[in-house]
Amino acid sequence: MPVPTEHAAWLQQHDFVVPSPGSFTEEEQAALRRYGRWLEALATGAILSTTPEQSHFLQAARGEATPQTPFERSWAKLLEHRLACALGAPAAACSPGPFVAPRSADDDVQRTLDRLDAAKQAARAVRDRRDAERAEVLRSVEAELAAVEARSAQQLDEANREVAELESALKEEVLRIGKSARRGGVQAIFRRGCVTWDSKGLVRYAEANPEVEQFRRVGRPTVIVRYRC
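Below: a short report on this structure. Source: prediction; values computed, not measured. (Residues numbered from 1 in each chain as written. Predicted model: local features only at pLDDT ≥ 70, side-chain atom pairs only at ≥ 80, totals over all residues. Heavy atoms only, no water.)

1. Some points on the layout of surface pockets
So, point 1. Reported here for the second largest pocket is a volume of approximately 250 Å³.
So, point 2. Considering the residues around the second largest pocket, the lining is formed by Trp197, Leu202, Val203, Tyr205, Ala206, Glu207, Val212, Glu213, Phe215 and Arg216. (1 Å grid on protein atoms, 1.4 Å probe; cavity = no way out; pocket = protein on both sides within 12 Å on 5 of 7 lines; lining within 4 Å. Points joined across faces, edges and corners; volume = space filled by probe spheres on them.)

Written out as structure tokens, the structure reads:
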């Protein structure tokens, strides 16, 4: 069977970083360096499985099946190592090999991205195992929970409807008096309407009147971290 193009692109990358090489056998290190990028792409959903063997690898990576192949056992060992490091294992046991020393600021970013991705995978593995165990427990009491939900559904709907109606009435009353109010565990905070400015218009005005630039403030840059599901 020909290798799909998206799989081939990952299979050509042989630079997977094996953390703390002393924790893995030479065979495991070689397998991870040779196929680690591809295995990680499978495990994270960057590429989809196309064979029964790859599907079983995903089950093993999620803790849904016992690792059987050398690939599955090496990956399971890697996930255990990542989890131990995320939970506070000694720094010496979690340090990468000397061959991954950063060469530039961009390399530092890439290495941190790799470590963050690994930590997220370790956390996901823990959550997946927790959710599987929780689902097993919930199945045993599913009928009882359904009965509780059925008994409470109508009363909860009526209570929520009354809360919504009273919240709406309270907002109207506070707007009418123009000040905050508080009683018991409920507080209604009155806020005046926000003042906004036409940013583009102000820029044009500053170009014609540069003396107003002294009142301009520029905040610090920020970074948003997002994860692919």
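2. A short note on helix H3 (residues 52-61)
So, point 1. What H3 keeps buried is the set Gln54, Phe57, Leu58, Ala60 and Ala61. Down the axis of H3, the buried set is contained in an arc of 160 degrees. They therefore lie on one face.
So, point 2. Tucked inside the fold, the buried residues of H3 contact helix H1 (5-11), helix H2 (26-44) and helix H4 (70-86).
So, point 3. Downstream of H3 by a residue or two, Gly63 has a phi angle that is positive, lying close to 80 degrees. (Buried < 20%, exposed > 50% of the residue type's maximum accessible area, 1.4 Å probe, protein only. Helix = DSSP H or I, 4+ residues; strand = E, 2+ residues; numbered from the N terminus. Arc of directions from axis to C-beta. Contact = heavy atoms within 4.5 Å.)

3. Focus: the packing of H3 against H4
So, point 1. At a minimum axis distance of 10 Å, the contact between H3 and H4 shows a crossing angle of 25 degrees. Relative to H4, the element H3 is oriented roughly parallel. Crossing of H3 over H4 shows right-handed handedness. Note on element contacts: H4 touches H3 through Phe71, Glu72, Trp75 and Leu79, opposite Glu53, His56, Phe57, Ala60 and Ala61.
So, point 2. When the residues that make up the contact of H3 with H4 are grouped by side-chain class, the tally is six nonpolar, one polar and two charged. (Axes fitted to C-alpha atoms, helices over the stretch in contact; angles between N-to-C directions. Parallel < 35°, antiparallel > 145°, perpendicular 65-115°, else oblique. Left-handed = near helix turned anticlockwise from the far one by under 90°. Nonpolar A, V, L, I, M, F, W, Y, C, P; charged D, E, K, R; others polar.)

4. Some words on a nonpolar patch on the surface
So, point 1. A grouping of Leu138, Val141 and Leu145 is seen on the molecular surface, where their side chains present a nonpolar patch of about 220 Å² in accessible area.
So, point 2. Positionally, Leu138 belongs in helix H6 (residues 105-140). (Patch = residues over 30% accessible without salt bridge, like charges linked within 9 Å, V, L, I, M, F, W, Y side chains within 5 Å. Areas by Shrake-Rupley, 256 points an atom, 1.4 Å probe, with all protein chains shown as cover. Salt bridge = Lys/Arg side-chain N within 4 Å of Asp/Glu carboxyl O.)

5. Structural notes on the packing of aromatic side chains
So, point 1. This structure, assessed with the given rule, holds four aromatic pairs.
So, point 2. Ring pairs connect the aromatic residues Phe16, Phe57 and Trp75, which therefore count as one cluster.
So, point 3. Cation over ring: Arg34 sits above Tyr35, and NZ or CZ is 4.6 Å from the ring centre. (Phe/Tyr/Trp six-rings, centres within 6.5 Å; stacked < 30°, edge-to-face > 60°. Lys NZ or Arg CZ within 6 Å of the ring centre and 35° of its normal.)

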